Amino acid sequence: SAQKPMQLILARQLASSLAMPIVITDTTGVLIYWNEPAEVLLGIRFDESGEVPPSQWRAQFAVTDGDRQPIPQAEWPLVIALTQRQPVSRTIWLGAPNGTWRNLNWTSVPFIAQGGEFLGVQSVFWEV
């Protein structure tokens, strides 16, 4: 894989030392890193899967609202942060590939460099 921007490398380093579940994507939506606390929520170890393209993660996870109605992918916080480059937060139910469901607050924030360059998105999750 191509060399990542220094800011994303530093974000990954920071995420690896934090106790909150964090997922980092590049500008195309490829999941380029998630930390150990996120592995618990996602049911997937980063060391075993490596980077995950958007087509794969969109198919692997179910995202529903409080009434367990599917949320269209265009309304997922990560997708909004990627496409609209705006921070967004929402309470969801996340269905992982291993069959577990978790009620989460999901916040996604675009990474914008000092020069205005869009670098990707960081998503943070809190269990409700």
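Residues numbered from 1 in each chain as written. Predicted model: local features only at pLDDT ≥ 70, side-chain atom pairs only at ≥ 80, totals over all residues. Heavy atoms only, no water.

If you tally the helices and strands in the chain, you get 5 helices and 6 strands. Secondary structure elements of the chain occur, N-terminal to C-terminal, as α-β-β-α-α-α-β-α-β-β-β. A globule of 128 residues ought to have a C-alpha radius of gyration of about 14 Å, and the chain, at 14 Å, matches this closely. Seen through its C-alpha atoms, the chain measures out along the principal axes to roughly 40 × 30 × 25 Å. Considering the chain as a whole, with its 128 residues, one finds that 43% of them fall into the buried category. Looking at the chain alone, contacts between residues at least 24 apart form 41% of all its contacts between residues at least 6 apart. As presented, the chain carries roughly 6800 Å² of accessible surface, and 52% of it is formed by carbon and sulfur atoms. (Helix = DSSP H or I, 4+ residues; strand = E, 2+ residues; numbered from the N terminus. Rg over C-alpha atoms; globule rule 2.2 N^0.38 Å. Buried < 20%, exposed > 50% of the residue type's maximum accessible area, 1.4 Å probe, protein only. Contact = heavy atoms within 4.5 Å. Areas by Shrake-Rupley, 256 points an atom, 1.4 Å probe, with all protein chains shown as cover.)

Quick look at the pairing of strand 5 (residues 101-112) now. Pairing analysis gives 8 bridges linking strand 4 (residues 88-95) to strand 5, with the strands arranged antiparallel. Considered in strand 5, the bridge of G95 is made with W101. Between strand 4 and strand 5, which follow one another and run antiparallel, lie 5 residues, and G99 among them has a positive phi close to 95°. Bridge count between strand 5 and strand 6 (residues 118-127): 9 bridges; the pairing is antiparallel. Residue pairing across strands places V109 opposite Q122, the latter belonging to strand 6. Connecting strand 5 to the next strand, strand 6, in antiparallel fashion are 5 residues, including G116 with a positive phi near 90°. (Pairing = 2+ DSSP bridges.)

Among the structural elements, N35 can be located in the loop between strand 2 (31-34) and helix 2 (36-42). There is a polar contact of 2.9 Å between the side chain of N35 and the backbone oxygen of A15. Within the structure, N35 has its side chain in polar contact with the backbone oxygen of M20 (distance 2.8 Å). (Polar contact = N/O pair within 3.5 Å; in protein donor to acceptor, adjacent residues only side chain to side chain.)

All chains considered together, the criterion is met by 1 cavity of 30 Å³ or more. By volume, the largest cavity is sized at about 150 Å³. Taken together, V23, L31, L42, W57, F61, V63, W76, L78, L94, W106, S123 and F125 make up the full set of residues lining the largest cavity. For the lining of the largest cavity, the residue count by class is 11 nonpolar, 1 polar and no charged. (1 Å grid on protein atoms, 1.4 Å probe; cavity = no way out; pocket = protein on both sides within 12 Å on 5 of 7 lines; lining within 4 Å. Points joined across faces, edges and corners; volume = space filled by probe spheres on them. Nonpolar A, V, L, I, M, F, W, Y, C, P; charged D, E, K, R; others polar.)

You will see that R68, though not glycine, has its phi angle at about 65°, which is positive. Along the chain, the position of R68 falls in the loop between strand 3 (62-64) and helix 5 (77-84). Of note, the phi angle at R85 is positive, near 55°, even though the residue is not glycine. Of note, R85 is situated in the loop between helix 5 and strand 4.

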